[in-house]
4 protein chains.
Amino acid sequence: MHSFMNDYSEGAHPRILDLLNKYNLEKNGGYGLDDHSDIAKKYIKRELGRDDVDIHFIAAGTLTNVLTISAFLKPYQAVISADSGHINVHETGAVETSGHKVISVPTIDGKLRPDHIIKVLNYHQDEHMVQPKMVYISNTTELGTVYTKEELKAISKCSRENNLILFMDGARLGSALTCKSNDLSLEDIAGLVDVFYIGGTKNGALLGEALVLIRDDLKEDFRYLIKNRGALMAKGFVLGIQFEALFQDSLYFDLAEHANIMACDLTKIISDKDYKFFIKPYSNQLFPIFPNAILEKMKDEFVFSIHEKIDEDNTAIRLVTSWATKEESVDAFRSFLERY
Amino acid sequence: MHSFMNDYSEGAHPRILDLLNKYNLEKNGGYGLDDHSDIAKKYIKRELGRDDVDIHFIAAGTLTNVLTISAFLKPYQAVISADSGHINVHETGAVETSGHKVISVPTIDGKLRPDHIIKVLNYHQDEHMVQPKMVYISNTTELGTVYTKEELKAISKCSRENNLILFMDGARLGSALTCKSNDLSLEDIAGLVDVFYIGGTKNGALLGEALVLIRDDLKEDFRYLIKNRGALMAKGFVLGIQFEALFQDSLYFDLAEHANIMACDLTKIISDKDYKFFIKPYSNQLFPIFPNAILEKMKDEFVFSIHEKIDEDNTAIRLVTSWATKEESVDAFRSFLERY
Amino acid sequence: MHSFMNDYSEGAHPRILDLLNKYNLEKNGGYGLDDHSDIAKKYIKRELGRDDVDIHFIAAGTLTNVLTISAFLKPYQAVISADSGHINVHETGAVETSGHKVISVPTIDGKLRPDHIIKVLNYHQDEHMVQPKMVYISNTTELGTVYTKEELKAISKCSRENNLILFMDGARLGSALTCKSNDLSLEDIAGLVDVFYIGGTKNGALLGEALVLIRDDLKEDFRYLIKNRGALMAKGFVLGIQFEALFQDSLYFDLAEHANIMACDLTKIISDKDYKFFIKPYSNQLFPIFPNAILEKMKDEFVFSIHEKIDEDNTAIRLVTSWATKEESVDAFRSFLERY
Amino acid sequence: MHSFMNDYSEGAHPRILDLLNKYNLEKNGGYGLDDHSDIAKKYIKRELGRDDVDIHFIAAGTLTNVLTISAFLKPYQAVISADSGHINVHETGAVETSGHKVISVPTIDGKLRPDHIIKVLNYHQDEHMVQPKMVYISNTTELGTVYTKEELKAISKCSRENNLILFMDGARLGSALTCKSNDLSLEDIAGLVDVFYIGGTKNGALLGEALVLIRDDLKEDFRYLIKNRGALMAKGFVLGIQFEALFQDSLYFDLAEHANIMACDLTKIISDKDYKFFIKPYSNQLFPIFPNAILEKMKDEFVFSIHEKIDEDNTAIRLVTSWATKEESVDAFRSFLERY
């Protein structure tokens, strides 16, 4: 069986495990106050081309989202999200349980645009309605699409003009930054958003997301907020060491690029056989449409998930590649399609 | 100036004030544990044709909504509402601040139907998504439409089959129950929903909503919940006396019927002049569409609110009648339209 | 039966009811945006000797407390209270449900002092503990004691030096300001605290507390916060008219003073018979200690509540006087004690 | 420098890392639905001597506490804790932010007893106060003390008689179960409490706590609750594999026992030199009292934390041993004390 199920099926890239092994018996400070976390932050700041940001390592994506959103909003303030956004659909109401409404906006491709935001702002006019105060985007989106520099600039401008906090969920930021169509750098992002994170869990780490706070007024007492959400890990250095491994050289980008290359290969294989996509592929998540008859056979050899029924005979599925996807799995998929 | 702005512009119906005056210097128990609250509950139970319900008087509608919804849901559970529902649009995120997602469903007329509910249930399948557990409807709806007995039976059946709590917001229940198209009684409602309230604020009381808990498992410790939400009034008897006045005879229904008659008269006046409605009128809220030029003149003589821009030249407005609307105001509106 | 049960047993002072009657059929703006609320605010600002405060009328005390505390604290921040404080003991966890810890401090007389605050601050040193950010005091306290000007100045100084928000619960502020030992004016209080309220419910109104926001940074978007807590009343003018009645002349103070005079008379009666007090009496709540045998008899003629068992034979009770307490009740108590 | 700072300074026991390495490239199911988690659960159930429990692996202790407490309490319900309890002091208000009051009880040794609970229950009598519904204990406690079987039986009986949920925080359960005075087994605990956890983070794992739900009514929808708190890890198998390593044989107990032996050795060294303890030592946390002059020297060779000032000249410190504490560190401490 070859799996295209997701990008979090395996443990960690061996170089990350090696570093965890290497430093295993060192005595580190607790709760993220350790040398490895400091080194990892230094490496990330180098990538960002600036030193004036605060970085915190958080264990998981949903935890990072709810922490970040609840940290900066007052009870009556809401966050704007694409209706397909992870916080709106796949976090079991975690943001609402933290006390805030998610204002969801229908989009075709999972990407929020300034006109979406303006429409929400125009609609929310007085104290009988929530006050939109934050914009949540993810890069890549839930549909695998990516923001261009121009698009991000436009959202950034719109957010700043309207005094909204712009938050980018980067659970799959590696894939976004290394895909063929990308023209954004980490440095660009840090200049355009107010807070974002660099996802480790879905790009080769055992766990961990690096949350980057850019605006000064968002930095105050953030460790209190982390602890208050139950997100301050006793062995914070376990996260620090992993990001040290990912950013001491180009490993973070190499892993993501591998996933993208595997996805491009799959895309070509599928397109060559004239199958269509539910949404145009950009990154490591593909949503091809196949006849149900073929999917029945596919299940015997591949693990994948169903995205959406298209019609009686056809279904869009989701194929995900990762740093650990092997070329032989892609080859097997090619061989499979050639047989049908 | 004649006002059709809303149904909460005036104080209380004189007979309510009379009773407040009459009992003013009596010494009553605190926090709703008083004779007048007991009498009012008895009267309401008489209307419901049953004694096995718990009734609590709450000061205001939003407070009642957030109290009720947060009382019965676990953190991961959500409430289904029409997208135009009061809890979804006009409560500044109060339900979300209490920890729960509002799953909103687009509707044309503000009324939720079983197929809406089923679609939501089908979509929410696993622990990565909120669990829909309550259905919120209001009667009348935000658009002034009303549920028929058949419609309410269908929602009730669907809710029970799917183990959902059915909650009816009755802030304008008086208007619903006394409008021409209504075929529901309070007794019917009590038999079909799990919890609902009988709105006083918008039907002649200074303030107050009578919350009726029907399902036994919803009754436990409810006074704790009221207090915990800050909703237990020291002088609960002020609410009790008002509902005593409203339900000792038919006052509650008479007041609502008056509002509806005034609304019917307005409807006829508007229809006779061939103006259309944004949504068909049923109760004490009307949404007629007028040319902007006429609205400019209307503003000089009438107070009303803008509902929605229809096109460059026309706008839907909202006209609301109440127990206190005078025939002379309706006459003035007739006379106004005849002039234009 | 004569009742010394509490100060919220009766309706409203007749002059308040008169004003509600007088303006009953006026058409008022909704949600507190009405002329009577404006007039009442003007009157209160006159008492405060300043115009640069924001005033909001809230329906009830616990609602005001939880609204105010949750409005200004971030999730990791806590409020310091005397352990006998209303928010700590008698609000069914409303403040905690809004997300904040109440740090309680043992006191003898219900009054918080700077050394209590400093001790809390010294103990809470890092991000593993909540951050104390607000000081909650009430005047009168739960034990009927009152703050002197010197005491309030000291707490104010301590709060400002430590960047803490000072909040005074004034549910019984009338009684505090008109008791014999008082040397504080409303103007003094406004100069020393950051936010406080003037209680109406326990001083002659049907319901209502006037919340006064003094520090500019606390004023922003407060109506959003009120609505978000379910505390924005449709008929806000019902609160406004009552405070108009209370503050158009000296009615607010007259009512409280009457309660205090009745309490003083009771105090003298009790002291003259050589009974002791659990805590020295200052305002309209008395905590005398009586032999249980006498209490058995007392119950036949008077309504009161038990405060605390002192020993096998003696119990401290609570006697409360109000604007509505009649001299004949006090006389009856004198006559009762003379009989035993 | 030798560190007795805490038991979470190092990575993981090498046998845990070995297993993570061994299974690193396997493809596992996401979110804890994987074979290793299943195996680990099987092993733990074997220790518990029963199969009818639900086990969930959670990333961290505070997260587990807030998840568990907020899962089972309604908004008006509170948890009883020793005043020194972790949830009361060292979680930055996480439980309160989840909506619940912590009722703290003064204890001498960090251990809650039935009379503490009964006193709380007697005090909380009506709907104006929170309703105590859960009992939180930790074993070992924050002071390193441990519950005997008799003590736990008494609390269990008291909790059951009063319909309270009994929750044991087992962040340091390994140390409790392997200390000399212990007479409890995992099987005993499972029979006496309603929910507890077996801490991995402080006993040799990189991270992870095994939460055991015993009462059937607590099990429902628990994965929804985990996700809703942001605590469902994408790579749940990283936790599963670690508990597989800890419980496939006696590793969990061996690691804890080592820590206890090191602590016993330190205790003997300290006692032999006639130093006293702030609290009698039982497990891997020691609170010896030393003259400040000696502590000044101690700092040059050892890392430890200050617990509490005893008087002008003496201070109680905290020494913690762990699975990773080396005998040479203990020897160094002996040698140090012999020099002074």
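Residues numbered from 1 in each chain as written. Chains lettered and ligands numbered in written order. Predicted model: local features only at pLDDT ≥ 70, side-chain atom pairs only at ≥ 80, totals over all residues.

Across its full length, chain A holds 14 helices and 13 strands. Relative to the globule expectation of 20 Å for 340 residues, the C-alpha radius of gyration of chain A, 20 Å, shows essentially globular dimensions. With the C-alpha coordinates of chain A rotated into their principal frame, the extents come out at 60 × 55 × 35 Å. In chain A, which comprises 340 residues, the proportion classed as buried is 57%. Of the contacts made within chain A by residues no fewer than 6 positions apart, 74% connect residues no fewer than 24 positions apart. (Helix = DSSP H or I, 4+ residues; strand = E, 2+ residues; numbered from the N terminus. Rg over C-alpha atoms; globule rule 2.2 N^0.38 Å. Buried ≥ 20, exposed ≤ 12 C-beta atoms within 10 Å, placed from the backbone. Contact = placed C-beta atoms within 7 Å.)

This part takes up the sheet that holds strand 5 (residues 131-138) of chain D. Residues and elements named next belong to chain D. Pairing within the open sheet is mixed, and its 7 strands lie in the order 2-8-7-6-5-3-4. Of all strands in the sheet, those bounded by a partner on one side alone are strand 2 (54-58) and strand 4 (102-105). Strand-to-strand twist of the sheet, defined as the mean angle between neighbouring strand axes without regard to direction, takes the value 25°. For strand 3 (residues 77-82) and strand 5, the ladder comprises 5 bridges, and the chain directions are parallel. Bridging across to strand 5, Ala78 finds its partner in Pro132. (Pairing = 2+ DSSP bridges. Axes fitted to C-alpha atoms, helices over the stretch in contact; angles between N-to-C directions.)

Attention now moves to the relation of the copies chain A and chain D. Superposition record for chain A on chain D: RMSD 0.0 Å, screw rotation 180°, translation along axis 0.0 Å. Expressed as a symmetry operation, the mapping of one chain copy onto the other fits a two-fold axis. In this assembly the copies share their binding face: 100% of the residues contributing to the interface of chain A also contribute to that of chain D. (Least-squares fit on C-alpha atoms with pLDDT ≥ 70 in both.)

The transformation that overlays chain D on chain C combines an axial shift of 0.0 Å with a rotation of 180°, and the residual RMSD is 0.0 Å. Taken as a fraction of all interface residues of chain D, those also at the interface in chain C reach 100%, which identifies the copy contact as same-surface.

A separate point is the packing of helix 2 (residues 35-48) of chain C against helix 11 (residues 237-247) of chain C. Residues and elements named next belong to chain C. The interhelical angle for the contact between helix 2 and helix 11, taken along N-to-C directions, is 35°, at an axis separation of 7 Å. Note on packing geometry: the crossing formed by helix 2 with helix 11 is left-handed. Each of His36, Ser37, Ile39, Ala40, Tyr43, Ile44 and Glu47 in helix 2 lies in contact with helix 11, whose residues at this interface are Phe237, Gly240, Ile241, Phe243, Glu244 and Phe247. Tallied by class, residues from the contact of helix 2 with helix 11 come to 8 nonpolar, 3 polar and 2 charged. (Left-handed = near helix turned anticlockwise from the far one by under 90°. Nonpolar A, V, L, I, M, F, W, Y, C, P; charged D, E, K, R; others polar.)

This part covers helix 2 (residues 35-48) of chain B. Residues and elements named next belong to chain B. In this model, helix 2 (14 residues) spans 20 Å end to end at C-alpha, consistent with the 20 Å of a helix rising 1.5 Å per residue. For helix 2, the full list of buried residues reads His36, Ser37, Ala40, Lys41, Tyr43, Ile44 and Leu48. Along the axis of helix 2, the buried positions cluster into a sector of 160°, meaning they face one direction only. Each element contacted by the buried residues of helix 2 is listed here: strand 2 (54-58), helix 9 (186-192), strand 7 (195-199), strand 8 (209-213) and helix 11 (237-247). Gly49, located one to two residues past helix 2, shows a positive phi value of around 70°. (Expected span 1.5 Å × (residues − 1). Arc of directions from axis to C-beta.)

Glancing now at the sheet that holds strand 2 (residues 54-58) of chain A. Residue and element names in this part refer to chain A. Taken in spatial order, the 7 strands make up an open sheet running 2-8-7-6-5-3-4, and their pairing is mixed. Bordering the open sheet on either side are strand 2 and strand 4 (102-105), each of which pairs with just one other strand. Strand-to-strand twist in this sheet, taken as the mean axis angle between neighbours without regard to direction, amounts to 25°. Across the sheet, helix 3 (residues 61-72) lies against strand 2, strand 3 (77-82), strand 5 (131-138), strand 6 (165-169), strand 7 (195-199) and strand 8 (209-213), angled at about 20° from strand 8, the strand it touches most.

Okay, the packing of helix 12 (residues 251-272) of chain A against helix 14 (residues 327-339) of chain A next. Residues and elements named next belong to chain A. Interhelical geometry of helix 12 versus helix 14 gives an angle of 5° and a closest axis separation of 10 Å. Here helix 12 lies roughly parallel to helix 14, going by the angle between them. Taking contact as the criterion, the partners of Met262, Asp265, Leu266 and Ile269 in helix 12 are, on helix 14, Val330, Phe333, Arg334 and Leu337. Residues belonging to the contact of helix 12 with helix 14 are distributed by class as follows: 6 nonpolar, no polar and 2 charged. (Parallel < 35°, antiparallel > 145°, perpendicular 65-115°, else oblique.)

Chain A puts 40 residues into the contact, and the matching count from chain D is 40 residues. Of all the secondary-structure elements, those providing two or more residues to the side of chain A that touches chain D are helix 1 (14-22), helix 3, helix 5 (94-97) and helix 10 (222-228) of chain A. Per-class residue counts for the side of chain A that touches chain D are 19 nonpolar, 15 polar and 6 charged.

Okay, the interface of chain D and chain C next. Between chain D and chain C, the residue contacts involve 16 residues of the former and 16 residues of the latter. Of the residues contributing to the side of chain D that touches chain C, the split by class is 6 nonpolar, 7 polar and 3 charged.

Attention now goes to the confidence of the model for chain A. For chain A, per-residue confidence averages 97 on the pLDDT scale, and residues scoring 70 or more make up 100% of the total. For this predicted complex, the interface confidence comes out at an ipTM of 0.97, alongside a pTM of 0.97. (pLDDT = per-residue confidence, 0-100.)

Residue and element names in this part refer to chain A. Domains assigned within chain A are domain 1 (2-7 + 252-339) and domain 2 (14-249). Distance between the C-alpha centres of domain 1 and domain 2: 27 Å. Those elements that place two or more of their residues in the side of domain 1 that touches domain 2 are helix 12 and strand 9 (285-286). Of the residues assigned to the side of domain 1 that touches domain 2, the class counts are 11 nonpolar, 4 polar and 2 charged. (Domains from an automatic or database assignment.)

On to unusual backbone geometry. Between C:Asn139 and the following residue, C:Thr140, the backbone shows a cis peptide bond with an omega angle of 0°. Among the secondary structure elements, C:Thr140 is positioned in the loop between strand 5 (131-138) and helix 7 (149-161). The phi angle at D:Asp274 is positive, at roughly 70°, despite the residue not being glycine.

What follows concerns helix 14 (residues 327-339) of chain D. Residue and element names in this part refer to chain D. When the terminal C-alpha atoms of helix 14 are compared, their 18 Å separation across 13 residues agrees well with the 18 Å that a helix rising 1.5 Å per residue should span. Among the residues of helix 14, those classed as buried are Ser329, Val330 and Phe333. Viewed along the axis of helix 14, the buried residues span an arc of 100°, placing them on a single side of the element. Helix 14 presents Glu327, Glu328, Ser335, Glu338 and Arg339 as exposed residues on the side facing more than 90 degrees away from its buried surface. Contacts from the buried residues of helix 14 go to strand 1 (2-3), helix 12 (251-272) and strand 11 (302-303).

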